[in-house]
Structure formats: C-alpha cells, structure tokens
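Remarks on the overall topology
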Amino acid sequence: MNLLVICKKKSDFTDVLDHLSINVTYCDWSDSATFDVHPYDGYCLLSEGGRLDPRVREKLEKENIDGGKKIFADSLRSFLNMYSDHPVDTSKKRLICVGEGENAISGLEFGDLLDDMANYLSSPYFSTPEISPLLVYKDFVIAHDHTNMSKEEIFSGAQLGMWKYGPNVIMTSFRLHNFNKARFAPRENWQNLIKYIINWLTGFTPEWMPEPVIHHNLDLDYDNDDVFESQRKKTIDEAIKWIEQFLIDEGRGGMLDGFSHNIDPEGLQARLDTVRADYIGETAGIFRMYSDIYGDTKYRRYSENMYSFNYGPMLIKDGMFKGFLRWSYDGWGVCYQDDVARATMYDLLHCVVTGERNNTDYLKMILDYFVKITGKDGLLPYRHDILFLNEESFSKMCESEHGEPSAHYNAYYSAIMLLGYQLFGDSRYFEIGTKGLETIMNLYPETSREQSETEEICRLILPLAILYHSTRKEEHKQMLYRVVDDLETHRHSFGGYTEWDTGYKARFSRNSRTECSILTENGDPVADLFYALNWTSMGFAYAYYATGEKRFKDLWRNITVFWMRTQAHCENPLYNGGWCRAFDMNRQEIYGCPHDAGWAACCMSPGWATTQILGGMMFFDFVEKYRK
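What counts and what doesn't
- Residues numbered from 1 in each chain as written.
- Predicted model: local features only at pLDDT ≥ 70, side-chain atom pairs only at ≥ 80, totals over all residues.
- Heavy atoms only, no water.
- Helix = DSSP H or I, 4+ residues; strand = E, 2+ residues; numbered from the N terminus.
- Rg over C-alpha atoms; globule rule 2.2 N^0.38 Å.
- Buried < 20%, exposed > 50% of the residue type's maximum accessible area, 1.4 Å probe, protein only.
- Phe/Tyr/Trp six-rings, centres within 6.5 Å; stacked < 30°, edge-to-face > 60°.
- Pairing = 2+ DSSP bridges.
- Salt bridge = Lys/Arg side-chain N within 4 Å of Asp/Glu carboxyl O.

1. Considering the overall build of the chain
Broken down by element type, the chain carries 17 helices and 19 strands. Scaling as 2.2 N^0.38, a compact globule of 628 residues should have a C-alpha radius of gyration of about 25 Å, and the chain matches this with 27 Å. With respect to the principal axes defined by its C-alpha atoms, the chain has extents near 90 × 50 × 45 Å. Looking at the chain as a whole, 63% of its 628 residues qualify as buried.

2. Some words on the packing of aromatic side chains
Tallying each qualifying case throughout the model produces 47 aromatic pairs. For the pair Phe228 and Trp556, a centre-to-centre distance of 6.0 Å together with 75 degrees between the ring planes defines the contact as edge-to-face. One end of the pair, Phe228, is in helix H5 (residues 225-244); the other, Trp556, is in helix H16 (residues 550-566), with 328 residues separating them in the sequence. Assessed through its relative accessible area of 1%, Phe228 is described here as buried. On the numbers, 6.1 Å between centres and 80 degrees between planes, the contact of Trp563 with Trp579 is edge-to-face. Placement of the pair is Trp563 in helix H16 and Trp579 in the loop between H16 and strand E19 (582-584), with a sequence separation of 16 residues.

3. Comments concerning the sheet that holds strand E1 (residues 2-7)
One open sheet accounts for nine strands, arranged E2-E1-E3-E4-E13-E12-E11-E8-E9; its pairing is mixed. With one partner strand each, in any of the chains shown, strand E2 (23-28) and strand E9 (113-114) form the two edges of the open sheet. Where E1 lies against E2, six bridges are found, and the strand directions are parallel. Counted as the bridge partner of Asn2 is Asn23 from E2.

4. Some words on the pairing of strand E11 (residues 131-139)
Along any regular strand the residues' side chains alternate between the sheet's two faces. Bridge analysis of strand E8 (residues 93-97) against E11 gives five bridges, and the strand direction is antiparallel. When the sheet's bridge partners are listed, Arg94 is paired in E11 with Lys138.

5. Structural notes on the pattern of salt bridges
Considering all chains together, one arrives at 54 salt bridges under this definition. Of the charged contacts, one joins Arg276 and Asp339 as a salt bridge, the two residues approaching to 3.6 Å between their closest N and O atoms. Taken as a pair, Arg276 in the loop between strand E15 (269-272) and helix H6 (277-294) and Asp339 in helix H8 (residues 337-354) lie far apart in primary sequence, 63 residues in all. You'll find Arg276 and Asp339 in the same group, each marked buried. A salt bridge links Asp368 to Arg428; the nearest nitrogen and oxygen atoms lie 2.9 Å apart. Taken together, the residues Asp368 in helix H9 (residues 360-371) and Arg428 in helix H12 (residues 427-443) connect sequence positions 60 residues apart. Note on Asp368: relative accessible area 24%, which makes it partly exposed. Ionic contacts of the salt-bridge type, sharing partners, join the residues Arg276, Asp278, Glu282, Asp339 and Arg342 into one network.

Fair warning: the whole summary comes from geometry, so function is off the table for now.
Have a look at this one:
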C-alpha cells in the first residue's frame, strides 16, 4: 500500500498512519499543485478547513473517478460536486453515529455520541443521492454518551459531519486530524472511528494510538497507608503549583478564572479572564493553610496579597452598602451570598482554629451587612444588585418572609454566619445561621435545586456539620446523618457519587441552552467535580472534626482517593494538577454533556472546585498543627 498524504503539518492522524506497515509519502499542502499523484494507491487530504489548488484537485478527482482510488478528505471545503459554507463553531453541537448496515462503523452503534469540543463545521450546502451519512451534527443533544432518539428525530435539522461520497470517498465537515491533542471524547469512540477510517482507506487496522494528553493515577495501591499519604502530599503540591500560575502580580491583583470547556481543533483550551472575589478569597485561605502546614512562606505572602485585594478595592467600607463584597470585575455591583461565603469561609475558619485575628474587622463588616438584609427565614434571594437597591428595598429584604431555600445559594451563607458566631459570639449570627439551615432542613429533599439533587446533598454536608458543631443539638446531627446516607445511595464503585435528580426538578437539569447540569439521565455514571463532589471533601473532614466519628473519616479517605485518581496529569503545566468538571466513572476519563454556557465538562477552575478539594485534603493536618 502506497499512501499519499497532503497536509499542512504532522498531526495525531499522521502519527497513527506512521505506525502502520505501509508506505506513506507526505506532500506539503503548498507544494501539492505540481506534485505527481498518480503512483499512489490512495490519498489522505488533511486540509484544516482549506481548499485544494485546482491543478491538483483535477488530478485527484481523476484518480478517484477513473482509477477507483480511495480518498479520505478531512474538512476539505470543496471536492467533486460538494462544497461547503464558511466554518462555524461546534461547541453547542454533538456528533451522532448514524452509520449502519454496509456503512456500520466497527465499535460504534447507531446513536453513539462523539464530542469534538470547540471545532469548526463547514457544512455542505446540499446533499446528493451519492451521499451516505456516517456522522451527523445535532444541536443541544441531552444525553450522556448515547442518544435513543429515533432516526427521524436525529436527521431532522441535522448537519453532515462525516459521509461517504460514492464508494471511494469519505469526507468530514470538521477538523479531525488532531483528535487526541484536541481531547475529543469519549476516547474509545474516537479511536474506533479513526480505526474505521484508516482501515477503509488502507486495508490495515491501527494497533497504536497516541497517549492521552491528560492521564490519571488510577492504579496505585491507595489502601496502603504509606502510598495514600505520599500520594496525598503529591496531589496537594501539584494542585497548589497549578493554581499559582493564575495569580496576577503574586496575588496583588487577584487571580484569573482558569479555563473554559472549549478546546480548539489544535488542542488549545480557551482561557478565562474574569477576576472574582470568591476565587481570590478561597485561594488566599488555601495558600495560607498550605503555608501553615508545610512552612512555605511564599504562599503566606501570596495569601496576604490576595486578602488585601479582596478587602481593599473589592469591599465597600462605608455608606449604605458598607460590607458589600463585590462579585467580580464585571459584576462590580453584584453580590451572590454563596460566593461571599466561600470568599470568607477559610478566613473565618483560620481565625477560629488558630486564634489569629488579622482580618476580623473586615469579616465582621461583611457579616453585619448581611444581617441588615436577611429575610425572616434566615435566607436571602439568590443574588442582589446595587443598581436596584435603596433604603426601602433593604427594609423589604429584611422583612421578607422567604429567601431562596437552596443549598446552592444559601447553605454556605448560613455556615459563615455560624462560624461568625463561633468567632465573635454574636447571637445575631447564630440565629440567622441556625434559622436558615433549619428552613432548608424542613424542606429537604424538596429544596430549590440548581444543578441536581446530588449537588444539593453535597452542599449541605459542611454547613450541617458546622451547625451541629455550633449547637450540639441531636436533631442537627441526625440531619447530617440523613443527608450523608442519601448521598451514599449514589456512590459509584469507582469511588465518586453519580449525578441524580429525582423528578428532574433542578433549574438546569436536562437543560442545554444556558448554564446546565452534566446530568442527562438518572443513572448515568458521571460525577460533577465542580458543583457537587468538590463540596464533600471539606464536608466530610469537618464532620469528623465536629463529631469525632470514624465513619466520617472513612468517607473523607474515600473521597480523597477519588481526588488522587481523577487529578489531571499532563506534560503541559497549564493543565497539570487541576481537575475538570465532568468525570465518567465507567470510562474513567474526563467526559460529560458539553453544553454548559461557561463551565462545561472540560473546564478547569483554580477557585470553586480546586480550593474546596484542597481544603478538605489538608484540613486534618491544619487542625492537628494548632491542636498541638
């Protein structure tokens, strides 16, 4: 077999070809016009969304039509009688396998999904009788890795993704050549597709595939205490270093937001440029905790810089809005109390555990601001904006009978009120924190859900542990048990917890148009590391701290092993040490519904998720240091 590959550069696809027992000749795209194509048995055209020079196009079409030679054309915008529109983004589209019968793709079934992240689709202007679809694009497919839509539903409004044109041409409308670098998922589905294309083109089935860009420590003996402890420290160290690269001026200007889900066809992941007070406060607390435990003073300095930023320009210190912590650079006059809670929680915990009082004036200012506006049930609406507030609206908020009965929006807010009580002894904080959590307890499990029922459960563990630690009431301890028991019903054999939403009542459950859950069907083997499981790490740790019960330490150890197994390891330091949002616990890879408006399956956040994971992983060491 003598194969001619016309391409602009080497790629994952050409690497696979190079491992075959065939003769492969490469021709640069810019030199193809005068190249003699006739001596070859088949052709691979990797265009990166381009067009062929008419001089070589004419020769290749003749070899195909007259010679019956096979051609694979990747994202070639015009060939034979087909031509395509300008490329558009595919990040809200998913590829569905529709090959069947004589066009069946080995290893794939009709309805299997293949996600190409943020690719470029050059959709053909029309179809012809010679076309046999193999993959089609469909907008907003709400399914995990397979859709059970009927053929009529799938093809209605679909766009061609890959097709046979007659017996000897296969074409794609997207850029497939760097399927591995661009982290196409699920990995097995894409490998089966690549094998199918190459076998069809050359008669040889590849046995070699490139190693994944991101890998995981799946097979260490985590039951061994020495392995567990050494790997826990390595996991913490790598995550801390990963976070550090997002600091602005060593934290003096805050920090950036990480990576969105979108990965382009060459493997470049989109960076976020938002600066948020919650990420800054969480990270400042984690850096200080790390410095306290391990003695690295650099991180103490970063922490102080970041707190100075949050309690400096991000905090209003006088007037009607005294104590208002700004949400972000963009949301300058916006306040989400759950984000403020995360921005201040590690600072409050530090003061309670260590006795230090560095930022207590600012912390009390923030808590007192919330006292003025909290409703009678101890809860707040999901957010409030300076633009729409005045003295009258402040009074209305305080006199309101009901806030948002949601763990997502209010459980951590109640928790910082209780930590404020532990620190300052102010009964107003105790009353608000207790009342808010009891309001949610009385509605549970029918709380107001945001992403899923699993998320609500996970977000309740830490606040309920702090509630019991503050009140020592048996009813609060029993509620903590109940919530943890409910979570355990969703434990997967891999060690994490599956997404679940009884009745699909969550605001973003089975929704694909704005922010959305990665849950598509109850029972999917997908874990949400961004909205759900990240809260369990600190939750189990504090529950053990508050109760001394071995059960919670065992749960902490189990989820810690989960974090060790799912942390991203990569030669590129940009991705090494963090966690992505979605993890398929059956496939044991980063994968989930990709449609969220900003934080879909592959997003990586230095705040929110990573800080909560690290807080739980380090909490016992932190407490033990000061207990001694």
